[in-house]
Amino acid sequence: MAEEYAIEVEGVVKTFGRLRALDGVSLRVRAGEVYGLLGPNGSGKTTLIRSLVGLVKPDAGTVTVLGRRMPDVGILNRIGYMTQAAALYPDLSVEENVRFFAAINGTEDNVDAALDFVELGARRRSAVVELSGGMRTRASLACALVNRPRLLLLDEPTVGVDPQLRRQLWDRFRAMADQGTTILVSSHVMDEAERTQRLGLILFGKLLAEGTAQELIARAGVQRLEDAFLKLSEVQP
Amino acid sequence: MTAIWFRILAQFRRDRRTLALLFVIPLVILSLLYFLLRGSGGKPNVDLVNEDQGPVGSVIAQALQRGDKLSLHDTSLSTAQADVNAGRVDAYIHFPSDFSERALSAHVVQPEVRLEGSQPSASGTVVSALAQAMQAALSAAPGAAPFTVDVRVSYLHGGPGFDTLDYFGAAFIGLVVFFLVFVVTSVSFLRERSQGTLERLMASPLRRGEIVVGYMLGFATVAFVQSVEVILFSLYVLKIHNSGSVALIFLISLLMAMSAVNLGIFLSMFARTEFQAVQFIPLVIVPQVLLSGIVFPIETEPNWLQLISKVLPLTYAVSGLRDVMIKGADLGWASVQLDLGVVLGFTVLLVAAAAATLRRRVA
């Protein structure tokens, strides 16, 4: 039962006081696609991702995820959500953290596989507080995918991560996508954005442009994605 | 140095709530103390039963009135006994019919004092006021021979060995458990938010109610062990007076701990930082300590303060614990049923409030 689209966002508006965090965003992500959400800090990326898991209730518009109109608690066990900062219990060990989120989703059988996937099997007994930043990020990823999600939402997963680890993480995202997992990843890092199949450029709560990295570069008439990003951003304040 | 000085002031200016707390809370607390201590005052209520057929009883009664340490009501012995048994008065003083006769013939002054006994301070006041009155009355008697004074004191609850610790101990068992559980829960729930794990929990298939109840079970387990420790230590090491069932004491303090957990979750929703959560402590704890009858009996408060006292959960826990430990009450007592019912009601209400606020944060 594969819906054609894993994510369908239609005309979503969300205001916080006077701030229009999302200003009529519409986008669709196909099942099995790796979609990059590109935009500067404060452009609305995180608000959009939170609306996909039902943590933000749109003022207008609809959000449909894996065929279900959000918010819908019933579908959340099929979604993996990796928050911007590594959200873990610092006093607990890596394994205890992963096991906790597995227990919530009823997938305790997948704990070892998740730990191996992020190559933390050897450090499973270490308390999170003793880990380096990169290891925490990997532990956080393990918590997000321990429920074998069909949709993985990654909010700036590689901020503060060194280039080697970033490459490793992307290899893993690719591997998951190859097995049919839909991945939506937000970023403001260009080389990362180029690894996705399709990109959405978001600014001031609006989706300005959409397409592959090549298409965006061609549309802006420049050489590099970074320039395309800057040029397309100039369209309006 | 001045940079630090000005930076601190700038931070205070931004954090309006801290500022309000710093300047408003002391006034509130001092005003409460004012009303508690300057109010109608803590004169013990005493029934005076004067059956004396001679003059001595009324002379001492007049001296008691003049002494103005007690709030006296003339009544019959049967009414006085009923009043003490029901806790409507702190004591009755009884001058028997042969009071004058024995004083004049045998030079023995032998009034009877029956103390309700659950409040050592009131008991002490009654006995000392009577002693003073007799001293004044007898020394004024012209050319009288020295009298042998023999006050026959008896207690409904407690006894002569019953002291202030016994009175406060019962209440403090409830307070200590409530206070610590509240602080630990509110800070740790707030940490759940600041470290981002709450966001993760909210994006999980768990329902809000499940998160709140799960939290409650976790902390209730710790509170359970803490209650056992506090109660055993109070009863068997400090030897605080207890004439009731230990299981019932335990039940009350456990319910108290549960409502503290939920109050902690509920209030931590209104704090952004652990610093702000800590500020709730004086706001939540101090008024309860002052108004729940731990130190100042609720009956001695001005009426409008009594209204506030009656909506505080700790009031009922304290009254329940005192009924059980001092008066030996059991589940059959209407007052204990009321106290347990109200504490249970508060717990349920706070679970609902905590779950509701959790939902609101999401919208």
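Each chain carries its own residue numbering, running from 1 in the written order of its sequence. To label them, take the chains in the order written and letter them from A, then take the ligands in the order written and number them from 1. pLDDT decides what is reported in this predicted model: residues at 70 or higher carry local features, side-chain atom pairs at 80 or more are listed and counted, and totals for whole chains, interfaces and linings draw on all residues regardless.

A word on the overall build of chain A
Helix and strand labels come from DSSP, where a helix needs a run of H or I of at least four residues and a strand needs a run of E of at least two; each type is numbered from the N terminus. Along chain A, the regular secondary structure elements total eight helices and ten strands. The C-alpha extent of chain A, read off along each of the three principal axes, is 50 × 40 × 40 Å. Put simply, a residue is buried when 20 or more other C-beta atoms lie within 10 Å of its own C-beta and exposed when 12 or fewer do; between those, it is partly exposed, and each C-beta is set from the backbone. Considering chain A as a whole, with its 237 residues, one finds that 44% of them fall into the buried category.

A closer look at unusual backbone geometry
Residue and element names in this part refer to chain A. With an omega of 0°, the peptide bond between methionine 70 and proline 71 qualifies as cis. Tracing the chain through its elements places proline 71 in the loop between strand S5 (68-69) and strand S6 (79-82). Even without glycine at this site, leucine 66 takes up a positive phi of about 50°. Inspection of the secondary structure puts leucine 66 in the loop between strand S4 (60-65) and S5.

Observations concerning the sheet that holds strand S3 (residues 34-38) of chain A
All names here are of chain A. Two strands are said to pair when DSSP picks up at least two bridges between them. Spatial ordering of the open sheet is given by S6-S7-S8-S3-S9-S10, a layout of six strands whose pairing is mixed. Of all the strands in the sheet, the pair left with one neighbour each is S6 and strand S10 (206-211). With strand direction ignored, the average angle separating the axes of adjacent strands in the sheet is 15°. By the bridge criterion, four bridges tie S6 to strand S7 (residues 151-155) in an arrangement that is parallel. Across the sheet, the residue bridging to glycine 80 is leucine 152, located in S7. Together, S3, S7, strand S8 (182-187) and strand S9 (198-203) form the strand contacts of helix H1 (residues 45-52), whose direction differs from that of S7 by roughly 155°. Comment: axis = line fitted to C-alpha atoms, over the contacting stretch for helices; angle = value between 0 and 180 degrees taken between N-to-C directions. Whether two residues are in contact is decided by their C-beta atoms, placed from the backbone, lying within 7 Å.

Structural notes on the sheet that holds S5 of chain A
Residues and elements named next belong to chain A. With antiparallel pairing, four strands are arranged side by side in an open sheet as S2-S1-S4-S5. Among the strands making up the open sheet, the edge pair consists of strand S2 (19-30) and S5. As paired strands, strand S1 (residues 5-16) and S2 are joined by nine bridges and run antiparallel to one another. Across the sheet, the residue bridging to glutamate 8 is arginine 28, located in S2.

Regarding the interface of chain B and chain A
With 13 residues of chain B at the contact, the number on the chain A side is 15 residues. The element best represented in the side of chain B that touches chain A is helix H8 (residues 197-202) of chain B, accounting for four residues. Each residue gets one label: Ala, Val, Leu, Ile, Met, Phe, Trp, Tyr, Cys and Pro are nonpolar, Asp, Glu, Lys and Arg are charged, and the others, such as Gly, are polar. Class assignment for the residues of the side of chain B that touches chain A results in six nonpolar, four polar and three charged.

Some words on the confidence of the model for chain B
Across chain B, the average pLDDT comes to 82, with 96% of residues at 70 or higher. Reported confidence for the predicted complex is 0.85 by ipTM and 0.76 by pTM. As a per-residue quantity, pLDDT reports the predictor's confidence and falls between 0 and 100.

A look at the packing of helix H7 (residues 164-194) of chain B against helix H11 (residues 274-291) of chain B
When two helices pack together, their arrangement is given by the angle between the helix axes and by the axis-to-axis distance. Residue and element names in this part refer to chain B. Between H7 and H11, whose axes approach to 10 Å, the crossing angle comes to 160°. Taken together, H7 and H11 sit at an angle that is classed as roughly antiparallel. Judged by the twist between their axes, the crossing of H7 over H11 is right-handed. The residues of H11 that touch H7, namely those facing Leu175, Phe179, Phe182, Val183, Ser186, Val187, Leu190 and Arg191, are Glu274, Ala277, Phe280, Ile281, Val284, Ile285 and Val289. Across the contact of H7 with H11, the residue classes tally to twelve nonpolar, one polar and two charged. We call two directions roughly parallel when the angle between them is under 35 degrees, roughly antiparallel when it is over 145, roughly perpendicular when it lies between 65 and 115, and oblique otherwise. Note on convention: the crossing is left-handed when the near helix lies turned anticlockwise from the far helix by less than a right angle, right-handed when the turn is clockwise.

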